[in-house]
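# Fold and contact review
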Amino acid sequence: MNQPVRVRFAPSPTGYLHVGGARTALFNWLYARHHGGKFVLRIEDTDQARNTVEAVQVIYDGLRWLGLDWDEGPDAGGENGPYFQSQREAIYLRYFEQLRAAGHVYDDGGAWRFRFRREVVELDDLICGKVAFDFANVEIMPDMTVRRPDGSWIFHFVNVVDDLEMGITHVIRGEDHLSNTPKHLQLFAALGATPPRYGHIPLILNKDGSKMSKRDQGASVASYMEGGYAPEAVRNYLCLLGWSPKDDREKMEISEVMERFDLANINRKSAQFDLDKCNWLNAQYLAHMPVERYAELARPFLEKAGIATPSGPELHAVLALVQEKVKFLTDVPEWVRYFFTDEYEYDAEAADKTLRKPGAMDRLEQLATAYGAVETWEATALETRLKEAATSIPCKPAEFIHPARVAVSGRSVGPSLYHMLEVLGKERVLARFARTVERFR
RNA sequence: GACCCUAUCGUCCAGUGGUUAGGACACCGCCCUUUCACGGCGGUGACACGGGUUCGAAUCCCGUUAGGGUCGCCA
């Protein structure tokens, strides 16, 4: 009875990966990892019309991005392949013949229909509990088609055959399949096989409670990949949608989720996707992850923005400055561009408000003189010098701080001034001060 | 329409017969602060409704309502 757990994620390649599907994959993966079982990826590509290699790639990319690795499936191999339904024709034919020989299917105008047993079918769902469906009424529950006149197969049939053939022990899928399950149970019975256990997880809805469809914001995993999210943050958020560790924890290591995950405490009600909270969690992750990881995640966005960045400590020093301020990785380029080029623009509003303010250039020259004498170019010394300069005028430190910030970065917002100056280096800072004075004097 | 699932702050998640109904996001104040953020403190805000059961119900039962799902020669 205690056979090893085998679960699967069986998407059809539609060209995008829905967050709901991603969460289904995540829960399957967590269940497998928790029980030391296998996670199988099966591509349900029976619909030849919209089946393309690109569409399959989108699924791989999304799953890999979320860190969900599969033990069997395309690219991973396994003893239960092929893992594309389009390549399993012989298997389906064999099971179909079995059904036909036993009289479970009949020809209906060229299509083949499966004859339901007209009785009550009880399902003991791992999440929903016991649910009974009555097949007694033929009118409302007609026999189902399993094969079209052209010989192609219907979802219910191939899905069941594959789960059987692949030795799937637990089917964890969306609640939209709950009502389909008794049909699948009948198919298993007709095939003389023991069905897997089923667990139906609630669906993900939009913030307004409507069904989340392809076009809705945040519906596709790709939107997070492109939108500058840390994959661990999105994955964490998805874990919390319908499942909870039962304490007040929000940010959790995936290893801990893996340990504590269980189907028994998955919520029964559908959850609305709260992008705000997902964004908050993303910011939490970005702010607190090791700078090496941050750099790894930020690099593609830097490259895309055409910013030639150094690698290693030099880049890390810059990123560490802005790490806790940036909400999305897509924003990193604009926050650090001036560290890697002298060709930065002065923000028009910042220039008007700060650089063209009466006396601003005098302050900048005074600060340049003070800084020119600094020998140990590091933040605390720079802060001390600036405050001394302010006292000697006297004026508020802000009178120096704001012009200095805009002078070296072109922006009115940025990291801590002194740390920013330290990373920029004495030579560049003084040169930018001089250039700014020349231009705005 | 029939059948199935569900029902705690706007949202997510705790709470499984006795709690001032808790936490998080968002929102609003205050503090911190060179900008922007972070952070800290505080606040607004919920048991869908109606019947039962019980000394006592957010918690158990029934009904109503609402939301979601399924009823394809889609997956």
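Before going into details, it helps to say that this report is about the structure given with it. (Residues numbered from 1 in each chain as written. Chains lettered and ligands numbered in written order. Predicted model: local features only at pLDDT ≥ 70, side-chain atom pairs only at ≥ 80, totals over all residues. Heavy atoms only, no water.)

### Observations concerning the overall build of chain A
A count of helical and extended segments in chain A gives 18 helices and 11 strands. Counting over 441 residues, chain A shows a buried share of 50%. Within chain A, residue pairs in contact and separated by at least 24 positions form 74% of the contacts whose partners lie at least 6 positions apart. Roughly 20,800 Å² of accessible area belongs to chain A as shown, and the carbon and sulfur atoms make up 49% of that amount. Here chain A carries 54 positive and 63 negative side-chain charges, and the mean point of each set is 2 Å from the other. (Helix = DSSP H or I, 4+ residues; strand = E, 2+ residues; numbered from the N terminus. Buried < 20%, exposed > 50% of the residue type's maximum accessible area, 1.4 Å probe, protein only. Contact = heavy atoms within 4.5 Å. Areas by Shrake-Rupley, 256 points an atom, 1.4 Å probe, with all protein chains shown as cover. Lys, Arg positive; Asp, Glu negative; His and termini not counted. Charge placed at Lys NZ, Arg CZ, Asp CG, Glu CD.)

### Describing unusual backbone geometry
The amide bond that connects Gly81 to the next residue, Pro82, takes the cis arrangement and shows omega of -5 degrees. On the secondary structure map, Pro82 appears in the loop between α2 (53-65) and α3 (89-101). That bond from Ile393 to Pro394 is cis: its omega, -5 degrees, falls within 30 degrees of zero. As for its placement among the helices and strands, Pro394 is situated in the loop between α15 (379-392) and α16 (398-409). Located in the positive-phi region is Lys246, a residue other than glycine, with phi close to 75 degrees. By the element assignment, Lys246 lies in the loop between α7 (231-239) and α8 (254-260).

### Digging into the environment of Asn137
Note on placement: Asn137 falls in the loop between β6 (129-134) and β7 (144-147). Along the chain, Asn137 and Tyr229 lie 92 residues apart, while their C-alpha atoms are 50 Å from each other.

### Considering the nonpolar core
Among the nonpolar cores identified, the biggest contains 108 residues, and Phe273 and Tyr371 are the most heavily contacted of them. Among the elements that make up this core, the one with the highest residue count is helix α1 (residues 19-35) (9 residues). Residues within four places of Phe273 in sequence aside, it is in contact with Ile204, Leu205, Asn206, Lys207, Met212, Tyr224, Tyr237, Leu238, Leu241 and Cys278. Membership of the second largest hydrophobic core comes to 33 residues, among which are Phe96, Phe116, Trp153 and Ala193. (Core = buried A, V, L, I, M, F, W, Y, C linked by side-chain atoms within 4.5 Å.)

### A word on the pairing of strand β9 (residues 197-201)
The buried fraction of β9 is high, at 4 of 5 residues. Pairing of strand β8 (residues 170-174) with β9 involves 5 bridges; the strand directions are parallel. Residue pairing for β9: Val171 is matched across the bridge by Tyr198. Taken together, β8, helix α5 (residues 181-190) and β9 constitute a β-α-β crossover, and its handedness is right-handed. (Pairing = 2+ DSSP bridges. Right-handed = clockwise from strand over helix to strand, strands pointing away.)

### Topic: the environment of Ile59
Relative to the elements of secondary structure, Ile59 occurs in helix α2. Expressed as a C-alpha distance, the spacing of Ile59 and Pro13, which sit 46 residues apart in the sequence, is 7.2 Å. The contact partners of Ile59, leaving out residues within four places of it in the chain, are Pro11, Ser12, Pro13, Leu17 and Ile43.

### So, the packing of helix α17 (residues 417-424) against helix α18 (residues 426-440)
How two helices pack is summed up by the angle between their axes together with the distance between the axes. The geometry of α17 relative to α18 is characterised by a closest axis approach of 6 Å and an angle of 110 degrees between their N-to-C directions. Between α17 and α18, the angle falls in the class roughly perpendicular. The residues of α18 that touch α17, namely those facing Leu421, Val423 and Leu424, are Arg428, Val429 and Arg432. When the residues that make up the contact of α17 with α18 are grouped by side-chain class, the tally is 4 nonpolar, no polar and 2 charged. (Axes fitted to C-alpha atoms, helices over the stretch in contact; angles between N-to-C directions. Parallel < 35°, antiparallel > 145°, perpendicular 65-115°, else oblique. Nonpolar A, V, L, I, M, F, W, Y, C, P; charged D, E, K, R; others polar.)

### Examining the protein's contact with RNA strand B
Close to RNA strand B lie 59 residues, the nearest being Arg148, Arg268, Lys269, Lys325 and His402. Taken together, the sugar and phosphate atoms account for 71% of what RNA strand B places within 4 Å of the protein. Between a sugar or linking oxygen of RNA strand B and a side-chain N or O atom of Glu250, the distance comes to 3.2 Å. Take Arg405: an N or O atom from its side chain is 2.7 Å from a base oxygen of RNA strand B. Every element with two or more residues in the surface near RNA strand B is listed here: β4 (111-114), β6, α4 (155-165), β11 (271-272), α9 (275-288), α16 and α17. When grouped by side-chain class, the residues that make up the surface near RNA strand B number 21 nonpolar, 16 polar and 22 charged. (Near = heavy atom within 4 Å. Polar contact = N/O pair within 3.5 Å; in protein donor to acceptor, adjacent residues only side chain to side chain.)

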